[in-house]
Every structure is written in C-alpha cells, then in structure tokens.
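Residues per chain, in single letters:
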Amino acid sequence: MAKENSFDIVSNTDMAEVNNAINQTMKELLQRFDFKGSKSDIKVEEHDLVVTSDDEFKIKSVNDILQAKLVKRGISLKALSYGKIESALGGTARQKITLQQGIPSDKAKEIVKFIKETKVKVQAAIQGDMIRVSGRDRDVLQEVIAKLKQNDFGIAMEFTNYRST
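The present account deals with the structure reproduced in this document.

Criteria and cut-off values
Numbers given for residues are sequential positions, taken from 1 along each chain in its written order. Local features are withheld for residues below a pLDDT of 70 in this predicted model, meaning they are given only at 70 or higher, and side-chain atom pairs are given and counted only at 80 or more; totals for whole chains, interfaces and linings count all residues. Heavy atoms from the whole structure form the basis of all side-chain values; hydrogens and water molecules are not counted. We call two strands paired when DSSP finds no fewer than two bridges between them. Every helix listed is a DSSP run of H or I at least four residues long, and every strand listed is a run of E at least two residues long, numbered separately from the N terminus. Note on geometry: axes are C-alpha line fits, over the in-contact stretch for helices, and angles between N-to-C directions span 0 to 180 degrees. It only takes one pair of heavy atoms within 4.5 Å for two residues to be counted as in contact. Three labels apply to residues, based on accessible area from a 1.4 Å probe with only protein chains included: buried if under 20% of the type maximum, exposed if over 50%, partly exposed otherwise in between. Counting of polar contacts relies on pairs of N or O atoms within 3.5 Å, with two restrictions inside protein: one atom must be capable of donating a hydrogen and the other of accepting it, and residues adjacent in sequence are counted only when both atoms are side-chain atoms. Given the number of residues in a helix, its expected span is that number minus one, multiplied by 1.5 Å. Definition used for salt bridges: Asp or Glu carboxyl oxygen within 4 Å of a side-chain nitrogen of Lys or Arg.

1. With respect to the sheet that holds strand β5 (residues 93–99)
Here is step 1: Ordered in space as β2-β3-β5-β4, the four strands form an open sheet in which the pairing is antiparallel. What marks the edges here is a single partner per strand, and that holds for β2 (41–45) and β4 (80–87). Looking at each pair of strands side by side, their axes are set apart by 20° on average, direction ignored.
Here is step 2: Across six bridges, the pairing between strand β3 (residues 48–53) and β5 is antiparallel. Note on β5: the bridge partner recorded for S53 is A93.
Here is step 3: In this fold helix α1 (residues 15–31) packs onto β2, β3 and β5, with an angle of close to 165° to the strand it touches most, β2.
Here is step 4: Of the strands in this sheet, β2, β3, β4 and β5 are in contact with helix α2 (residues 56–72), which crosses β5 at around 30°.

2. Here's the deal with the side chain of T13
Here is step 1: Tracing the backbone shows T13 in the loop between β1 (5–10) and α1.
Here is step 2: For T13, a relative accessible area of 7% translates into the label buried.
Here is step 3: Side-chain polar atoms of T13 contact the backbone oxygen of Q100, separated by 2.8 Å.
Here is step 4: Non-local contacts of T13, meaning those with residues more than four positions away in its chain, are made with V18, I75, A79, L99, Q100 and Q101.

3. Some details on helix α4 (residues 138–150)
Here is step 1: Taking 1.5 Å per residue as the helical rise, α4 with its 13 residues ought to reach 18 Å, and the 19 Å between its terminal C-alpha atoms agrees with that figure.
Here is step 2: Tucked into the core, α4 has its buried residues touching β1, α3 (105–117), β7 (130–135) and β8 (158–164).

4. Here's the deal with the pairing of β2
Here is step 1: Where β2 lies against β3, five bridges are found, and the strand directions are antiparallel. Within the sheet, the bridge partner assigned to E45 lies in β3 and is D48.
Here is step 2: Linking β2 to β3, which pair antiparallel, is a turn of two residues; within it E46 sits at a positive phi near 50°.

5. So, the pattern of salt bridges
Here is step 1: Going through the model one piece at a time under the given rule, you end up with 13 salt bridges.
Here is step 2: One salt bridge in this structure joins R132 and D8, with 2.7 Å as the shortest N-O distance. Highlighted residues: R132 in strand β7 and D8 in strand β1, separated in sequence by 124 residues.
Here is step 3: Judged by relative accessible area, which is 22%, R132 ranks as partly exposed.
Here is step 4: In this structure, R32 engages E28 in a salt bridge whose closest nitrogen and oxygen atoms are separated by 3.7 Å.

6. Section: unusual backbone geometry
Both trends apply: most residues other than glycine have a negative phi, and most peptide bonds are in trans.
Here is step 1: Even without being a glycine, K119 presents a positive backbone phi close to 60°.
Here is step 2: Position of K119 relative to the elements: it lies in the loop between α3 and β6 (123–127).
Here is step 3: In this structure, N161 is a non-glycine residue whose phi angle is positive, near 55°.
Here is step 4: Tracing the sequence through the fold places N161 in strand β8.
Here is step 5: A residue is classified by how much of its surface remains accessible, and N161, at 33% relative accessible area, is partly exposed.

Laid out in structure tokens, this is it:
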C-alpha cells in the first residue's frame, strides 16, 4: 500500500499580533517629540488598516514605525499592500493598508505552475485560498518547500499541515 504525504501552502496574517503591533506603535507615537499634538492614528477595519496623520511625511513615519513593530512580532511585510495616500477631513491625510488573507488565485496559479516546472513527482492542487501539495516521498516534498522558499512570489507563504497517510 502506497503512502501519501502532503502539506499545505497558506498565507494568513495573525490579527492578534497585528493588533499588538498597532498598540505598540500608538504608544511610541504618543511618546515621540515629533508627533506631539499630531492627529496620527491607526484603525483596524476587517482586513484593512487605515493610517491617518497630519501630512504625507508623517504617514510615512507612522508606516516605518508600524513596519518595525510588525517585523518584531513575526508578521511578514509581504502581507501588506499599501494604497494611495489621500486627503482626508480636517486637513489630514489617510492611507489604507490591506492585510493579505489567503493566496490570491493568480498567485496560486503561478505557484502551481512553478511546482510543475520543477519536474518533481508531486501533485499541486488549488483548494480555495490555499494550495495542497502531495507526493509519495517526504524528501521530495522537502525539496519542493526548499525551491518555493528560494523563489519570491511577492506574498507571505507558510507551509503547514504536513501529513503522512
């Protein structure tokens, strides 16, 4: 009887860690001299962050602080997608940052195509917002993971649910 081994490629952002990073960023903004009296704020709206501040320069400074806190908490910066900086009410500026949840279908197709081009004896299947890779040999699966880590697809990828059946 042949054994089947598999793993999943997923892309999820831990919202608890994101909230902790936001809280740390807000604490730092309250203590910094260059942000005294500014209207800087970060709000969470479902899978988006909305950064508001006095001007474009301060938004970029808030983003730098936020990125440092996210990296310390283990959140990949590839999971962030930045929108345009727009004017908001009261002479402020606003920027929307989208957090990646799941692998987009175009990226999933690109990853599956890459796996097939490696000529390794595995099967890759798109299942919703994740990809399942299965094969007979564990070493082959480890090889696929190593090749995927070497290639940059522009998204944060995690390899989970490693199974033998």
